[in-house]
Amino acid sequence: MAKRMGVVLAVALLAACSDDGDGKPDGGGGPDGGTTTKSAGPGTGSSKAKPEGAPFTLPAGITLETPLKSFYTEDPLDCDDKDKDDAKGGGGSVTLCLIFRNTTGGPITVTLPPGLMLVSESTKIQNGLLVQQTTIEVPAGERYFVPLFLYCANQDRETSGVGDNFALGPIIGYEGFQELYSLLAGKQLTREDDVAIQLAVTHLTNGEGLSAADRASLRGL
């Protein structure tokens, strides 16, 4: 039953990532049958440009192995056998394995802020967006593996998969995004909340802004 529910949520999340805000499937809105997706700013929606925003830097004593590798939830061996229950973040259209190194003699807390973008090396693959502050304690002297789940930021691209590479991007704050971060701040979210959040993210990244229904759904989480 749990596995079946996971499949249902995954399908719903994929549909939410493809939602264009008008009740029609992605790709059918234009006069030539092409996509009508727009963009809130560089790196989101249909934009192929690099995201723009405040730079993100890791704390002193912490390094991150690059390129960032995709995380395959059904075969977590390459992420130190961490599974999806160990994952930080939310969503599931972009799933990565972060590998930190702590070169100091004590644990260090890494704080990933809302708005952090993880940027795909390929413009055919989704960029990933973090919507809530996420903290990770990296033990001293270790090579430390952390699965990280993110929301899709590009409706017309494919989800991440085996062999896809990513890089740390900036912290984006395009119009309307701060409202999203504020609505989700401090909430204890579950995987069941992913669909409502992804719908809101898709509306924002396509440049449509949050709808009244988005706001009501997010407040109710």
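These numbers come from a predicted model, not from an experiment.

Section: the state of the cysteines
Under the definition given, this model contains one disulfide. With a sulfur-sulfur separation of 2.1 Å, C79 is cross-linked through a disulfide to C97. Across the S-S bond of C79 and C97 the torsion is about 90°, and the bridge reads as right-handed. In this pair, C79 sits in the loop between strand 2 (68-70) and strand 3 (88-89) while C97 sits in strand 4 (residues 94-102), placing the two residues 18 residues apart along the sequence. Take C79 and C97: they sit in the same class, and that class is buried.

Topic: the environment of T104
By secondary structure assignment, the location of T104 is in the loop between strand 4 and strand 5 (108-112). Taking the C-alpha atoms as reference, T104 lies 5.8 Å from G61; in sequence the two are 43 residues apart. Every residue in contact with T104, bar those within four places of it in the chain, is listed here: G61, A140 and G141. Among the polar contacts listed, one links the side chain of T104 to the side chain of N102, at a separation of 2.8 Å. One polar contact links the side chain of T104 to the main-chain carbonyl oxygen of G106, over a distance of 2.9 Å.

Here's the deal with a negative patch on the surface
On the surface, E74, D75, D78, D80, D81 and E142 cluster together to form a negatively charged patch. Within the fold, D80 resides in the loop between strand 2 and strand 3.

Observations concerning the nonpolar core
Counting residues in hydrophobic clusters, the biggest one holds 21 residues, and the most contacted among them are L98, F100, L112, L118, L148 and L150. Elements supplying a minimum of two residues to this core: strand 1 (62-64), strand 4, strand 5, strand 6 (116-120), strand 8 (134-138) and strand 9 (143-152). Examining the composition of this core, we find that four residues originate from one element, strand 4, more than from any other. Setting aside its immediate chain neighbours within four residues, L98 contacts L64, L68, L112, Y144, F145, V146 and L148. Counting 19 residues, the second-largest nonpolar core is a separate cluster that includes Y151, A153, V201 and L218.

Notes on the confidence of the model for the protein chain
Reading fine detail from the predicted coordinates is not recommended where pLDDT is low. Averaged over every residue, the pLDDT of the protein chain is 88; residues scoring 70 or more account for 84%. Note that residues 2-9 has pLDDT below 50 and, in this model, two contacts with residues that lie over four places away or in other chains. Segment residues 22-34 is flagged for pLDDT under 50; beyond a separation of four residues in sequence, or across chains, it makes 15 contacts in the model.

Some remarks on the packing of helix 2 (residues 177-184) against helix 4 (residues 212-219)
Where helix 2 meets helix 4, the closest approach of the two axes is 9 Å, and the angle between their N-to-C directions is 25°. By the angle between their directions, the pair helix 2 and helix 4 is classed as roughly parallel. Once helix 2 is placed against helix 4, the crossing between them reads as right-handed. Taking contact as the criterion, the partners of E179, L180, L183 and L184 in helix 2 are, on helix 4, R215, L218 and R219. For the contact of helix 2 with helix 4, the class distribution of residues is four nonpolar, no polar and three charged.

Notes on the pairing of strand 10 (residues 165-171)
Relative to strand 10, strand 2 runs antiparallel, the two sharing two bridges. Bridged to K69 within strand 10 is N165. In the sheet, strand 6 pairs with strand 10 via four bridges, with the strands oriented antiparallel. For S120, the partnering residue across the bridge sits in strand 10 and is F166.

Side note on the pairing of strand 4
Most of strand 4 sits inside the fold, with eight of its nine residues counted as buried. The pairing of strand 1 with strand 4 spans three bridges and is antiparallel. In the strand pairing of strand 4, L64 is matched with F100. Pairing between strand 2 and strand 4: two bridges, direction antiparallel. Across the sheet, the residue bridging to S70 is L96, located in strand 4. When strand 4 meets strand 9, the two strands line up antiparallel, connected through eight bridges. Each residue of the ladder has a partner; that of F100, found in strand 9, is Y144.

What counts and what doesn't
- Numbering of residues begins from 1 in every chain and follows the order in which that chain's sequence is written.
- Per-residue local features of the predicted model are confined to residues with pLDDT of at least 70, and side-chain atom pairs are confined, for both listing and counting, to 80 or more; whole-chain, interface and lining totals are unaffected and use all residues.
- Hydrogens and water are ignored here; the side-chain numbers use all heavy atoms of the structure.
- The definition used for a disulfide is geometric: two cysteine sulfur atoms within 2.5 Å.
- Secondary structure elements are defined from DSSP: runs of H or I of at least 4 residues count as helices, runs of E of at least 2 residues count as strands, and each element is numbered from the N terminus.
- Each residue is assigned to one of three classes by its accessible area relative to the maximum for its type, calculated with a 1.4 Å probe on protein chains only: buried under 20%, partly exposed between the two thresholds, exposed over 50%.
- In what follows, residue pairs with any heavy atoms lying within 4.5 Å of each other are defined as contacts.
- The term polar contact refers here to a pair of N or O atoms within 3.5 Å; inside protein, the definition further demands a hydrogen-donor-capable atom paired with an acceptor-capable atom, and it admits residues adjacent in sequence only when both atoms are side-chain atoms.
- Put simply, a patch holds well-exposed residues, over 30% relative accessible area, that have no salt bridge, with like charges counted together within 9 Å and Val, Leu, Ile, Met, Phe, Trp or Tyr side chains within 5 Å.
- All accessibility values rest on the Shrake-Rupley procedure with a 1.4 Å probe; residue burial counts only the protein chains present in the view.
- The term salt bridge refers to a side-chain nitrogen of Lys or Arg lying within 4 Å of a carboxyl oxygen of Asp or Glu.
- For the purpose of charge, His is not counted, nor are the chain termini; Lys and Arg are scored as positive and Asp and Glu as negative.
- In plain terms, the charge of a residue is placed at NZ if it is Lys, CZ if Arg, CG if Asp and CD if Glu.
- To qualify as a nonpolar core, a set must consist of buried Ala, Val, Leu, Ile, Met, Phe, Trp, Tyr and Cys residues joined through side-chain atoms within 4.5 Å.
- pLDDT: the predictor's confidence for each residue, scored from 0 to 100.
- Only the contacting stretch of a helix is used when fitting its axis, a line to C-alpha atoms as for every element, and angles between N-to-C directions run 0 to 180 degrees.
- Any angle between 65 and 115 degrees counts as roughly perpendicular, while under 35 counts as roughly parallel, over 145 as roughly antiparallel, and the rest as oblique.
- Left-handed is the label given to a crossing in which the near helix is rotated counterclockwise from the far helix by less than a right angle, and right-handed is the label when the rotation is clockwise.
- For this classification, Asp, Glu, Lys and Arg are treated as charged, while Ala, Val, Leu, Ile, Met, Phe, Trp, Tyr, Cys and Pro are nonpolar and the rest, including Gly, are polar.
- Two strands are said to pair when DSSP picks up at least two bridges between them.

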